[in-house]
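# Observations on chain architecture
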Amino acid sequence: MARARKIASPGPMTSSKGELLKFYRDMLLVRRFEERAGQLYGMGLIGGFCHLYIGQEAIAVGMQSIQLAGDQIITGYRDHGHMLAAGMDPREVMAELTGRAGGSSRGKGGSMHMFSTEAGFFGGHGIVGAQVSLGTGLALANQYKANGKVAFVYFGDGAANQGQVYESFNMASLWKLPVVYVVENNQYAMGTSIERSSSETHLYRRGVSFNIPGEEVDGMDVEAVREAGARAAAFARDGNGPYILEMKTYRYRGHSMSDPAKYRTKEEVDKVKKTRDPIDHLREVLETKGWADEAALKAFDAEVKAIVADAAEFARTSPEPDPAELYTDVYLEAAP
Amino acid sequence: MSIDILMPALSPTMEEGTLAKWHVAVGDTVKAGDVIAEIETDKATMEVEAVDEGVIEALLVPAGTEGVKVNTLIAQLAGGASSNPPPKGEGDREAVEGASAARPPSPASPGLPPKGEDFTVVAAEGASPVLADPDLPEGTVFIKQTVRDALRDAMAEEMRRDDGVFLMGEEVAQYQGAYKVSRELLQEFGARRVIDTPITEHGFAGLGVGAAMAGLKPIVEFMTWNFAMQAIDQIINSAAKTLYMSGGQIRASIVFRGPNGAASRVGAQHSQDYSSWYAHVPGLKVVAPYDAADAKGLLKAAIRDPNPVVFLEHEMLYGTEFDVPQIDDFVVPIGKAKIRRAGTHVTITAHSRMVGLALKAAEVLAADGIEAEVIDLRTLRPLDHATILASVRKTNRLVTAEEGWGSMGVGAEIIARVVEHAFDDLDAPPMRVCQEDVPLPYAANLEALSLPTVDKIVQAVRAVCYVS
Ligand SMILES: Cc1ncc(C[n+]2csc(CCOP(=O)(O)OP(=O)(O)O)c2C)c(N)n1
Ligand SMILES: [Mg+2]
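Everything quoted here is computed from the prediction, not taken from an experiment.

### Topic: the overall build of chain A
Along its length, chain A carries eleven helices and seven strands. The principal-axis extent of the C-alpha atoms belonging to chain A is close to 65 × 55 × 40 Å. Within chain A, the fraction of its 336 residues that count as buried is 61%. Look at the contacts in chain A between residues 6 or more apart in sequence, and 76% of them connect residues 24 or more apart. Working note: accessible area of chain A is about 12,800 Å², and carbon and sulfur atoms make up 56% of it. For chain A, the centre of its 38 positive side-chain charges and the centre of its 43 negative side-chain charges are spaced 3 Å apart.

This is the structure in structure tokens:
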């Protein structure tokens, strides 16, 4: 029973003006935040790896809009956009990037390892593919507790080749676990294009042999993301088991900050930026509908700019963690 | 009000780069996200985007300028309210670099030019001559080479010598290696012998072992050893044990290699030293070189070895230059330690990047009249304990240095052997210098506190010498 289908058929879901404006604002926040993070990295305030989400904003923002309170999210190291979309405080996220006491992990995790129990955000994982089994485990807990929650598990086109992904698919389908797998197919895993790494490049079909339905979705269109997300979430929440959404998207920046940029042409990158940009696309939608209220959009620009500037200032001035923090959080006290 | 645009860093270790191209001219209006310039290093290229909107007021560094230092003012933007953090004097840059504990000023002794980004002082002046491998012929010429290029040459030489040798791993071919260790191998040997794999460590490590069982000689590169935890079952259960389980019938001549240990600020999941993990396992050989000569000679030996070899490199040493003997077929035997500095008062054992720290510590101690003997272990399994015991019998004191956790570690093993075989020769309880017993934190200050340092080695030596 292979139910994989290409492009999601347009459904009845329509978004209100207010919703679309909010998507615009949220995507803009992610983009401006990431640009600033890139700048702080260049200044040496952020160290190590820093994987920016620029270009992929519609996925985190669109999916977030259909989640219910208590649903969980888990992803890899390209996580800043997901955290902002999940409602985490930009200050906390930026201060984690600079490794300061005000960061969401108090400076101990860094860019790739952030979490928020409040936002249902279970990380932020550095090992490619590991989040897929972990996320399936979150779904197992939901089923076990019969709490009606769904786990949203994000991973990349490169991660889609890890063995544990398929071990998880099998168990999730076998036990009908409430999980939505969201593959963020930005076409590259570091310098390897999907054609060079995958025998089946249509990742929405990867669930076929496990009887998991899948759809290909335009991940640069926030409305399409939201629509497909709603369908997948309903399927999983109703006890039918897992669902795969392959989001076709693109990363504008290098893999991390240091990237030889030789595996794809500048023309290819520019073309996506010009023709498929998720923020520009939504702006056009708003204009067509006559909802592109200049004043409102300008206000978002100003608001987002202020939030990001404030987050950067906080991240720069928040103190380094207390040296005693080195030894905390290794173990919990056992209950008496 | 003008907004300063500074030369950005592409990586924590980048100090300068080329300003390849300006995409804007004075007077142009830019908005946040617009590409304004392209910068390059030997490893990477990056587009610099505007973070604020405004009009380009000045371009201060011409396109094509090489060697532009990170944080140099490269342009100014006339714009709205700037919230750019001030670039200099924040201490953060220092903290980042301090965390790698790898960049003190080079010692200003004559004839020892500063080299690369790590300690490269192979021998200190006067008292402690370079202790060369015994069998280098008289008059051998040395060339300067980075550890990265030495590893590359070792693979290239062995691939030329034996058609059964091939390289497989993530980004090893077209990308030329995530850390550029396999540079130009694809060009020379082609796609049959330099194979890009999907991200699927458990799978390709298993394929490698299977190919080795069928008589090939794979070099399996892990992008870093952290990711080999996905594959550790195939390394131990399949590669290490099959010879034994098959009563000697099935062999696996295979090298697993890649960078091990802590890089800089990459957090707990990407900063782990696996020395003691693999050195625990019978059936594996485990090699961890420090300088470029050993990297080359030992990698060649590892490729030729009929057994599975775990070859632990260090990212922080890849760019460091050392002297490499220019002889045909320079092979360093597995299983032999090297005395890097002779001394009489205390023995310090170290491997990989810790050798540089131990040598630096020995210099500091020499200034106080303590002569330390520094032993570079080079191979962890089989461990050359004869060299260690002979040294301790002479110095009567021992400090072990390793980057990983101390508990059940390399130092623990060395000390156990010394206590078993030379207990009566010890004048003080031995001491271990190692990583603090916590996952490696990201914050610059905590990371620096967590890792072993020159000072921690110096303090341990003082303690075993009862000098305050
Ligand atoms: C197990 C493992 N292997 C390798 C890596 C190194 N690595 C980090 S990200 C990455 C590429 C992943 O690409 P993809 O899944 O497409 O995600 P994207 O970066 O495009 O978001 C690789 C190889 C890792 N972190 N973990
Ligand atoms: Mg990808």
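Having put the structure on the table, let's press on.
### Some words on the side chain of Gln234(B)
Residues and elements named next belong to chain B. One can find Gln 234 in helix 5 (residues 232-240). One polar contact links Gln 234 to Ser 238, side chain to side chain, over a distance of 2.5 Å. Discounting residues that sit within four places of it in the chain, Gln 234 has contacts with His 202, Ala 205, Gly 206, Val 209 and Ala 239.

### Considering the sheet that holds strand 3 (residues 29-30) of chain B
Pairing between the strands of a sheet is mediated by backbone hydrogen bonds and can be parallel or antiparallel. What the four strands build is an open sheet, ordered 1-8-6-3 (chain B); its pairing is antiparallel. Of all the strands in the sheet, the pair left with one neighbour each is strand 1 (2-6) and strand 3 of chain B.

### Observations concerning the packing of helix 1 (residues 17-42) of chain A against helix 10 (residues 278-288) of chain A
Residues and elements named next belong to chain A. It is the contact of helix 1 with helix 10, at a shortest axis distance of 10 Å, that shows an interaxial angle of 155 degrees. Taken together, helix 1 and helix 10 sit at an angle that is classed as roughly antiparallel. Crossing of helix 1 against helix 10: the hand is left-handed. Residues Leu 20, Leu 21, Phe 23, Tyr 24, Met 27, Leu 28 and Arg 31 of helix 1 form the contact with helix 10, whose participating residues are Pro 278, Ile 279, Leu 282, Arg 283, Val 285 and Leu 286. A class-by-class count of the residues in the contact of helix 1 with helix 10 yields eleven nonpolar, no polar and two charged.

### Comments concerning the sheet that holds strand 1 (residues 72-74) of chain A
All names here are of chain A. Pairing within the open sheet is parallel, and its five strands lie in the order 1-2-3-7-6. At either end of the open sheet lies a strand with only one pairing partner, and these are strand 1 and strand 6 (214-218). Strand-to-strand twist in this sheet, taken as the mean axis angle between neighbours without regard to direction, amounts to 20 degrees. Contacting strand 2 (151-156), strand 3 (179-185) and strand 7 (243-248), helix 6 (residues 163-174) runs over the sheet at an angle of about 150 degrees to strand 3.

### A look at the nonpolar core
Note that soluble globular proteins tend to have their nonpolar side chains buried in a common cluster. Membership of the largest hydrophobic core comes to 171 residues, with the highest contact counts inside it found for Met63(A), Val180(A), Leu245(A), Leu282(A), Val194(B) and Val461(B). Ranked by the residues each element gives to this core, the list is headed by helix 1 of chain A, at twelve residues. Residues Ile236(B), Ala252(B), Ala279(B) and Ala288(B) belong to the second largest nonpolar core, which totals 43 residues.

### Quick word on the coordination of the magnesium ion (ligand 2)
Around the magnesium ion (ligand 2), the protein supplies Asp157(A) (OD), Asn186(A) (OD1) and Tyr188(A) (O) as donor atoms, at distances of 2.1 Å. Classification of Tyr188(A) by relative accessible area gives buried; the value is 9%.

### A few points about the interface of chain B and chain A
Size of an interface, as often reported, equals the accessible area lost when the parts are brought together. The interface is formed by 66 residues belonging to chain B together with 60 residues belonging to chain A. When chain B packs against chain A, close to 5,100 Å² is buried across both sides, 54% of that on carbon and sulfur atoms. Our enumeration of links across chain B and chain A arrives at four salt bridges. Our count for the chain B to chain A interface comes out at 15 residue pairs in polar contact (both at pLDDT 80 or more). Contributions of two or more residues to the side of chain B that touches chain A are made by strand 4 (35-40), strand 5 (45-49), helix 1 (92-99) and helix 12 (444-450) of chain B. Tallying contributions element by element places helix 12 of chain B first for the side of chain B that touches chain A, with five residues. Among the residues forming the side of chain B that touches chain A, the class breakdown is 35 nonpolar, 15 polar and 16 charged.

### Some words on the side chain of Arg193(B)
Here Arg193(B) is to be found in the loop between helix 3 (185-189) and strand 11 (194-196). Setting aside chain neighbours within four positions, we find Arg193(B) in contact with Met159(B), Asp162(B), Asp163(B), Val165(B), Phe166(B) and Leu167(B).

### Comments concerning the state of the cysteines
Residue and element names in this part refer to chain B. One pass over the structure, following the stated rule, counts zero disulfides over all chains. Cys 434 takes part in no disulfide bond, and the closest cysteine sulfur, belonging to Cys 465, lies 19 Å away. Judged by its relative accessible area of 18%, Cys 434 falls in the buried class. We classify Cys 465 as buried; its relative accessible area is 15%.

### Regarding the pairing of strand 10 (residues 165-169) of chain B
Residue and element names in this part refer to chain B. With five of its five residues buried, strand 10 lies for the most part within the structure. Residues Val 165, Leu 167 and Gly 169 line one face of strand 10 and the alternating positions Phe 166 and Met 168 line the opposite face, and both faces are buried. Where strand 10 meets strand 12 (residues 217-221), five bridges bridge the pair, whose relative direction is parallel. Its bridge partner lying in strand 12, Met 168 is registered against Val 220. Looking at chain direction, strand 10 and strand 11 are connected through three bridges and run parallel. Bridge assignment links Leu 167 to a residue of strand 11, and that residue is Val 194.

### As for the site of ligand 1
Around ligand 1, the structure places 22 residues, and the nearest of them are Tyr77(A), Arg78(A), Ala159(A), Asn186(A) and Glu201(B). With respect to ligand 1, its neighbouring residues span chains A and B. Contact between ligand 1 and Val128(A): a nitrogen atom at 3.0 Å from a main-chain N or O atom of the residue. A distance of 2.8 Å separates an oxygen atom of ligand 1 from a polar atom in the backbone of Ala159(A). A total of 580 Å² of accessible area belongs to ligand 1 in isolation, and the protein chains cover 96% of it. Here the residues of the shell around ligand 1 are counted per class, giving ten nonpolar, eight polar and four charged.

### Points about the environment of Ile457(B)
Residues and elements named next belong to chain B. One can find Ile 457 in helix 13 (residues 454-464). Judged by its relative accessible area of 0%, Ile 457 is buried. Between the C-alpha atom of Ile 457 and that of Ala 358, which follows or precedes it by 99 residues, the distance is 6.8 Å. Ignoring anything within four residues of it in the chain, the contact list for Ile 457 reads Ile 348, Leu 357, Ala 358, Ala 361, Ala 401 and Val 433.

### With respect to a nonpolar patch on the surface
Residue and element names in this part refer to chain A. Taken together, the side chains of Leu 140, Met 171, Leu 174 and Trp 175 make up a nonpolar region of the molecular surface, amounting to roughly 390 Å² of accessible area. Examined against the element boundaries, Leu 174 turns out to sit in helix 6. In this structure Leu 174 comes out as exposed when scored by relative accessible area, which is 58%.

The rules behind the values
- Residues numbered from 1 in each chain as written.
- Chains lettered and ligands numbered in written order.
- Predicted model: local features only at pLDDT ≥ 70, side-chain atom pairs only at ≥ 80, totals over all residues.
- Heavy atoms only, no water.
- Helix = DSSP H or I, 4+ residues; strand = E, 2+ residues; numbered from the N terminus.
- Buried < 20%, exposed > 50% of the residue type's maximum accessible area, 1.4 Å probe, protein only.
- Contact = heavy atoms within 4.5 Å.
- Areas by Shrake-Rupley, 256 points an atom, 1.4 Å probe, with all protein chains shown as cover.
- Lys, Arg positive; Asp, Glu negative; His and termini not counted.
- Charge placed at Lys NZ, Arg CZ, Asp CG, Glu CD.
- Polar contact = N/O pair within 3.5 Å; in protein donor to acceptor, adjacent residues only side chain to side chain.
- Pairing = 2+ DSSP bridges.
- Axes fitted to C-alpha atoms, helices over the stretch in contact; angles between N-to-C directions.
- Parallel < 35°, antiparallel > 145°, perpendicular 65-115°, else oblique.
- Left-handed = near helix turned anticlockwise from the far one by under 90°.
- Nonpolar A, V, L, I, M, F, W, Y, C, P; charged D, E, K, R; others polar.
- Core = buried A, V, L, I, M, F, W, Y, C linked by side-chain atoms within 4.5 Å.
- Donors = N, O, S within 2.8 Å, 3.2 Å for Na, K, Ca; no water.
- Buried area = accessible area lost by both parts, 1.4 Å probe.
- Salt bridge = Lys/Arg side-chain N within 4 Å of Asp/Glu carboxyl O.
- Disulfide = S-S within 2.5 Å.
- Near = heavy atom within 4 Å.
- Patch = residues over 30% accessible without salt bridge, like charges linked within 9 Å, V, L, I, M, F, W, Y side chains within 5 Å.

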